[in-house]
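In case you want the letters, here they are:
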Amino acid sequence: MNFDLSEDQKLLVETVASFVKQKSPVSRMRGLRSDPVGYSPQVWRQMGQFGWLGAAFPEAVGGAGGGLVDAALILEQLGTTLVPEPVLPALVAGWALLRAGSAPQHRRFLAPMLAGESLLALAYAEPQSRHDLHDVETRAERRSGSYRLRGAKRFVLAGHAARAFVVSARSGGAPRARDGVSLFIVDRDTPGVGVQAVATMDGRRAAMLTLDCEVGADALLGQEGDGADALEEAVDVGATGACAEGVGITQTVLQMTLDYLRTREQFGVKIGTFQALQHRAVDMFVETELCKSTAIMASIKVSDHDPVQRQSAVSAAKVQLAVGGRLVTQQAIQLHGGIGITDEHDVGLYFKRMHILNSLYGDEEHHLARFAALPSFLDGVPAP
Amino acid sequence: MLCDVMDMTISPEHVQFREEVRAFIREAMPPHLREKAALDANFDMKEVMEWHRILDRKGWVAPHWPREYGGPGLDVTRRFILTEELELSGAPQLSPFGLAMVGPLLIQYGTEAQKKRFLPKILSGEEVWCQGYSEPNAGSDLASLRMRADDDGKGHFVVNGQKTWTTYAQYADWIFCLVRTDPKAKKQSGISFLLIDLKTPGITVKPFLTIGGTPAFCETFLDNVVVPKENLVGTLNGGWTMAKALLGHERTLIATVGQSARTIRRIKRIAGATRAGGRTLLDDPIFQGKIARLEIKLRALQMANYRAIAGAQLGQAPGPESSILKLRGSEILQQIYELAMEIMGLNSLSWFNEPGVVPESEQWVASAFNYLRATTIYGGSNEIQKNIIAKQILGLGS
């Protein structure tokens, strides 16, 4: 066991941390809340040039050849000041494409995104699906040399600015079956693709998609009906990334709260001398450390070849993020008192982002149920 | 151990060591202990000491002791594996007062004569220890303790006072006590650390029942007990330093991750044997969720523990993650037993009945459910732990 970072990783963390502090304080994100794009395409390009967008991707597709631990380290730092560029949704969409796509598809769609020149978005959530990746009602019908896609996708993160979408669609199999889910890469400009930009609570943007379009056979990623593996893995990568970003948030709001407790005076003393508040701060500290511990575990195990190992670690981390992230951000507002309720104070921005991270890529109940349904749940249980 | 990337895998030598530990436990545990272990039954002191001697013969009774004092010289990871496997096996938990408390303290602060006199008999189990810290009016505020030790001018202390919560004093041969040697000094600075032979005239030990229905605790009275001065550990009036060092030794062992992991497996077994609504509770989504929630909490703690161990293996000072181990470990163990009681339903009503009233695997749960309320109190209550974390780690003043 070793959880120390390599020299390269330490350097990466330092570089991102210094960028975040100097170039992207929370005020930048605050300013972009009213911007229709919600992030800066220039900064996006820079991130591509720095190799951050491709950190976890193989060199063959234009990545930096690192691993998902690297991507998690970057996301953790970006979380500390709520950097608004859609790094997490791009990682998820890119991962689905990496896993399911062919070399020509990688060259055409993935490499430009990793270089910061374009953006992809994963369109999988539907009105009835909640967190079930196999509950796909969007249909894909094969024609000669093409596919007809019909359906609707909701809250496609970063979809408002995406050049293309990775879309899940049912090409066969029973409703909600794992089998028969296909993935397609769909250009935004395809006739019959409707993109409605919507705002999300954290000041970012997503899209509601309507699909009634024809795409070429070359839009299919991998084998027809065989997309579930890549989709599940990509969403697990997203959950892992959310945990990492969440660690950046919990650590930051814990620090903000401690600073406040050490300076704010009431009854003639610093409020941090009150035992009730000290114990609350310790609860926040404990949850922050546990979130950090499980996020590290997920960032390592998400690359495990055994899907059970991967899912078990990711689900555990996502549940811990839900429990811990909720406690830390809620109590951060509570301990700030009235100022914590104002839009002017940053703590509310972290609170909002944490809720979004907890809702994405499977929420608490989803991951709790998945954890209990894995074969590993019965490991070592003696027969009655 | 140093490698270029973060790595959760255990090295092949460590995997092999785990196998070795498992094989040893399988072979060395006598059948009558194994039967009780399988049921997570309570072991009596005779059985605890029997297992103590078996581990001593293997050289594993004090995993964290350095080799020169009879320890096995294991690295941090092996120590952790050994502790975890012993807990997972359901083997008797050894009395910690000698092995985990006074022993390491003597290794750190004792004189050569004290080490030679006491350490070998702690290892062999020939002398059993208990702890004389708390008093009726000195609990969390330990430094307000009043047991007096007066110099008789003839090379002895004369000790008077009362200790309480002296766990298993009725089975012990020796007690280590915090005593007041300078009544005029400020609270913490007038305290000394004394080793006292429980056979000395003037000592009365009165066991009493805990809420678990077991006689774990005692009141211990000392009335003009004469203790030779060579039984002072460290300097005169330097006992508070000893008290704090001893708590440090305790901390590495109190996450009880192995015990909690074992108990979660056990409640799954109970849930699998408990029927309701035409299925078992292990197939009931509500109970699955409750069990999964606790297992995930434990997994998070286990991972924090791994971080602490990996850091220690690399020779780093304990990080902030280690301070939460006692706090969380104690709560989780209580919550697991609470859930076990809930799953048992009406079986949880049964209290020390003859075998057969409830299934064997459920027979001992109620007692533990009660007694384990102590985990958030002993070793410094969780509220005291939070005070310490707030001041020492979070920098919140008093």
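The shown structure was predicted, so the numbers you read here are calculated from the model rather than taken from an experiment.

A. Structural detail: the overall build of chain B. Regarding its fold elements, chain B presents 12 helices and 10 strands. In terms of overall dimensions, chain B is globule-like: its C-alpha atoms have a radius of gyration of 22 Å, near the 21 Å expected for 398 residues. Evaluated residue by residue, chain B yields a buried proportion of 41% over its 398 residues. A separation of at least 24 residues holds for 71% of the contacts in chain B among residues at least 6 apart in sequence.

B. How the structure looks around the overall build of chain A. A tally of regular secondary structure across chain A gives 11 helices and 10 strands. The C-alpha atoms of chain A give 21 Å as radius of gyration, which agrees with the globular expectation for 384 residues (21 Å, within 12%). Its C-alpha atoms give chain A principal-axis dimensions of roughly 80 × 60 × 40 Å. Classification of the 384 residues of chain A by burial places 54% in the buried group. Partitioning the intrachain contacts of chain A with sequence separation of at least 6 by distance along the chain shows that 73% fall at a separation of at least 24.

C. Structural detail: helix 1 (residues 7-23) of chain A. Residues and elements named next belong to chain A. With 17 residues, helix 1 extends 24 Å from end C-alpha to end C-alpha; this agrees with the ideal 24 Å at 1.5 Å per step. Listed as buried for helix 1 are Leu12, Val16, Phe19 and Val20. Looking straight down helix 1, one finds that the buried residues subtend no more than 95° of arc, so they occupy a single side. Within helix 1, the exposed residues directed more than 90 degrees away from the buried face are Glu7, Lys10, Leu11, Glu14, Ser18, Lys21 and Gln22. On its buried face, helix 1 sits against helix 4 (68-80).

D. View of the interface of chain B and chain A. Contact with chain B, which involves 46 residues of that partner, is made by 38 residues of chain A. Breaking the side of chain B that touches chain A down by element, the ones donating at least two residues are helix 8 (257-273), helix 9 (285-313), helix 10 (320-344) and helix 12 (382-393) of chain B. Of all the elements, helix 9 of chain B adds the most residues to the side of chain B that touches chain A, at 15 residues. Broken down by class, the residue content of the side of chain B that touches chain A amounts to 27 nonpolar, 8 polar and 11 charged.

E. Seen up close, the environment of valine 381 of chain A. Tracing the chain through its elements places valine 381 of chain A in the segment after helix 11 (364-373). Along the sequence, valine 381 of chain A and arginine 108 of chain A sit 273 residues apart, while their C-alpha atoms lie 49 Å from each other.

F. Geometry of unusual backbone geometry. Residue alanine 158 of chain A is not a glycine yet carries a positive backbone phi of 65°. Among the secondary structure elements, alanine 158 of chain A is positioned in the loop between strand 3 (146-157) and strand 4 (164-170).

G. Just the packing of helix 8 (residues 275-301) of chain A against helix 12 of chain B, in detail. Here helix 8 of chain A crosses helix 12 of chain B at 80°, and the two axes come no closer than 9 Å. Here helix 8 of chain A is positioned roughly perpendicular relative to helix 12 of chain B, judged by the angle of their axes. Listed contacts from helix 12 of chain B to Gln278, His279, Ala281, Val282 and Phe285 of chain A of helix 8 of chain A are Lys386, Asn387, Ile389, Ala390 and Ile393 of chain B. Among the residues forming the contact of helix 8 of chain A with helix 12 of chain B, the class breakdown is 6 nonpolar, 3 polar and 1 charged.

H. Representation of the confidence of the model for chain B within the structure. With 95% of its residues at a pLDDT of 70 or more, chain B shows a mean pLDDT of 91. This complex was scored by the predictor with a pTM of 0.93 and an ipTM of 0.94.

I. Here's a closer look at the pairing of strand 1 (residues 129-132) of chain B. Residue and element names in this part refer to chain B. Every second residue of strand 1 is oriented toward a common face, with Trp129 and Gln131 on one face and Cys130 and Gly132 on the other, all of them buried. One ladder, built from 4 bridges, connects strand 1 with strand 4 (residues 174-180); its direction is parallel. Bridge pairing links glutamine 131 to phenylalanine 176 in strand 4.

J. Geometry of the environment of proline 228 of chain B. All names here are of chain B. Its location among the elements puts proline 228 in strand 7 (residues 217-228). For the pair formed by proline 228 and isoleucine 332, sequence separation is 104 residues and the distance between their alpha carbons is 43 Å. Contacts of proline 228, omitting those with residues within four sequence positions, involve Gly155 and His156.

Analysis parameters
- Residues numbered from 1 in each chain as written.
- Chains lettered and ligands numbered in written order.
- Predicted model: local features only at pLDDT ≥ 70, side-chain atom pairs only at ≥ 80, totals over all residues.
- Helix = DSSP H or I, 4+ residues; strand = E, 2+ residues; numbered from the N terminus.
- Rg over C-alpha atoms; globule rule 2.2 N^0.38 Å.
- Buried ≥ 20, exposed ≤ 12 C-beta atoms within 10 Å, placed from the backbone.
- Contact = placed C-beta atoms within 7 Å.
- Expected span 1.5 Å × (residues − 1).
- Arc of directions from axis to C-beta.
- Nonpolar A, V, L, I, M, F, W, Y, C, P; charged D, E, K, R; others polar.
- Axes fitted to C-alpha atoms, helices over the stretch in contact; angles between N-to-C directions.
- Parallel < 35°, antiparallel > 145°, perpendicular 65-115°, else oblique.
- pLDDT = per-residue confidence, 0-100.
- Pairing = 2+ DSSP bridges.

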